[in-house]
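# Topology and contacts: notes
Residue-level listing of the chains:
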Amino acid sequence: MIGGLAQHGHGKKALLLFDKMPKDDVAPNHVTLVTVLCACNLAGLVTEAKNYFKMMEESFGIQPTQEHYACMIDFLGRAGKLDEAMDIVKKMPFEANASIWGALLGAARIHKNIELGQLSAEMLLTLELEKSGTHVLLANIYASVGSWDNVAKMRRLMKDSKVKKEPGMNWIEVKDKIYTFTVGDRSHSRSKEIYAKLEELGDLMAKAGYVPMIEVDLHDVEQKEKEFLLAHHSEKLAVAFALIATPPGAPIRVKKNLRICLDCHTAFKFICKIVSQELIVIDINRFHHFSDESCSCGDYW
Ligand SMILES: [Zn+2]
Ligand SMILES: [Zn+2]
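Residues numbered from 1 in each chain as written. Chains lettered and ligands numbered in written order. Predicted model: local features only at pLDDT ≥ 70, side-chain atom pairs only at ≥ 80, totals over all residues. Heavy atoms only, no water.

## Things to note about the coordination of the zinc ion (ligand 2)
Protein ligation of the zinc ion (ligand 2) involves His-265 (NE2), His-288 (ND1), Cys-295 (SG) and Cys-297 (SG), the donor distances falling in the range 2.0 to 2.3 Å. The site at the zinc ion (ligand 2) holds four donor atoms, and with the angles between them running 102 to 115°, its shape is tetrahedral. Considered as a linear motif, the donors of the zinc ion (ligand 2) on their single chain read H-x22-H-x6-C-x1-C. Remark: His-288 occurs in strand S5 (residues 287-291) and His-265 occurs in helix H14 (residues 262-275); sequence separation between them is 23 residues. (Donors = N, O, S within 2.8 Å, 3.2 Å for Na, K, Ca; no water. Tetrahedral: all angles 85-135°; square planar, octahedral: opposite > 155°, others 65-115°. Helix = DSSP H or I, 4+ residues; strand = E, 2+ residues; numbered from the N terminus.)

## Section: the nonpolar core
Considering soluble globular proteins, one finds that nonpolar side chains tend to be buried as a cluster. With 50 residues, the main nonpolar core has Ile-73, Val-89, Ile-100 and Leu-104 as its most contacted residues. Apart from the residues within four sequence positions on either side, Ile-100 is in contact with Gln-66, Ala-70, Ile-73, Val-89 and Met-92. Among the nonpolar cores identified, the runner-up in size contains 38 residues, and Met-213, Ala-267, Cys-272 and Val-281 belong to it. (Core = buried A, V, L, I, M, F, W, Y, C linked by side-chain atoms within 4.5 Å. Buried < 20%, exposed > 50% of the residue type's maximum accessible area, 1.4 Å probe, protein only. Contact = heavy atoms within 4.5 Å.)

## Side note on the layout of surface pockets
Of the volumes computed, that of the second largest pocket is approximately 410 Å³. Forming the walls of the second largest pocket are 18 residues, and the residues nearest its centre are Leu-198, Glu-199, Gly-202, Ala-231 and His-232. When residues in the lining of the second largest pocket are grouped by element, the largest group, eight residues, is from helix H11 (residues 191-208). When its residues are assigned to classes, the lining of the second largest pocket shows 11 nonpolar, two polar and five charged. (1 Å grid on protein atoms, 1.4 Å probe; cavity = no way out; pocket = protein on both sides within 12 Å on 5 of 7 lines; lining within 4 Å. Points joined across faces, edges and corners; volume = space filled by probe spheres on them. Nonpolar A, V, L, I, M, F, W, Y, C, P; charged D, E, K, R; others polar.)

## Here we look at the sheet that holds strand S1 (residues 170-174)
The sheet built from six strands is open, its strands ordered S2-S1-S3-S4-S5-S6 with mixed pairing. Each edge of the open sheet is held by one strand with a lone partner, namely strand S2 (177-181) and strand S6 (294-295). (Pairing = 2+ DSSP bridges.)

## Quick notes on H11
The terminal C-alpha atoms of H11, which comprises 18 residues, lie 26 Å apart, in line with the 26 Å expected from a rise of 1.5 Å per residue. For H11, the full list of buried residues reads Ser-191, Ile-194, Tyr-195, Lys-197, Leu-198, Leu-201 and Met-205. When H11 is viewed along its axis, its buried side chains cluster within an angular range of 155° and face the same direction. Seen from the buried face of H11, the exposed residues on the opposite side, beyond 90 degrees, are Lys-192, Glu-199 and Lys-207. (Expected span 1.5 Å × (residues − 1). Arc of directions from axis to C-beta.)

## Brief notes about the environment of Ile-88
Positionally, Ile-88 belongs in helix H6 (residues 82-91). Distance from Ile-88 to Asp-292, taken between C-alpha atoms, is 36 Å for residues 204 residues apart in sequence. Aside from chain neighbours lying at most four places away, what touches Ile-88 is Tyr-69, Met-72, Ile-73 and Leu-76.

## Looking at unusual backbone geometry
Notably, Asp-176 is not glycine yet its phi reads approximately 65°, a positive angle. In this structure, Asp-176 sits in the loop between S1 and S2. Asp-176 gets classed as exposed once you look at its relative accessible area, which sits at 72%.

## A closer look at the packing of helix H3 (residues 30-43) against helix H5 (residues 66-78)
One way to put it is that H3 packs onto H5 with a least axis distance of 9 Å and a crossing angle of 5°. In terms of orientation, H3 lies roughly parallel with respect to H5. Along the contact surface, H3 presents His-30, Leu-33, Val-34, Leu-37, Cys-38, Cys-40, Asn-41, Leu-42 and Ala-43, while H5 presents Glu-67, His-68, Cys-71, Met-72, Asp-74, Phe-75 and Arg-78. Residue composition of the contact of H3 with H5, by class: 10 nonpolar, three polar and three charged. (Axes fitted to C-alpha atoms, helices over the stretch in contact; angles between N-to-C directions. Parallel < 35°, antiparallel > 145°, perpendicular 65-115°, else oblique.)

Written out as structure tokens, the structure is:
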């Protein structure tokens, strides 16, 4: 239950439940503590996380494992305390694994730290070759600071090393049937309506202040083509289809095989407000509940 609450962005409720455990004579184990640290992480509770981390050994006799350290590093990275996070990496009794370097790469992207981005990408590539997500994230960091030469270098590297970007795909269930979407997909029988819906939403979003983040698109194509691809990302198509195919007011649930991209994440905050509908995207990392112009992940995923 603690894990479930945390996954869905109810960090504080998760912690309340954990605090009840000793009163009910239920001893936590190391898994409980991982979920508790995750809950703090998702709710942005820095002091609490540090306290629980300390309490683990002192109060519950649980030795922190690699996973607990990973939570703390992820957490500090999210809060922008990159030096403190690296300090833990150096001092902890394990070699940092792929999930730790992955967390640091994510933090580097958010805080636009090229140096940390390069280091963590390099470490990730030695630990797990052929994972295209690493190149893409590093390219995103370069793009966010306008380092286009390096973006181009990444693109060439991905091409040369035959690292194929796993195509983004989304699923949505409407009336007991599963529909799949890829970028720029026109195979759906209601394709015309879907594209019209996106156009209509695009106008309303622009009026509300949405600006497409062209830089997240790494396709090697012209600017105009990029804009077109971005506007028709698979998750946007899936959401547009849901809007025309489900009854108004029903929550929309979309599943994605990769991380949700930064632009779609921003776009969905606008869309849920415009259509006054709850929107849930389940990506490879977590649940994103969009409502009232914000997401339950607190913009960290
Ligand atoms: Zn997208
Ligand atoms: Zn989110």
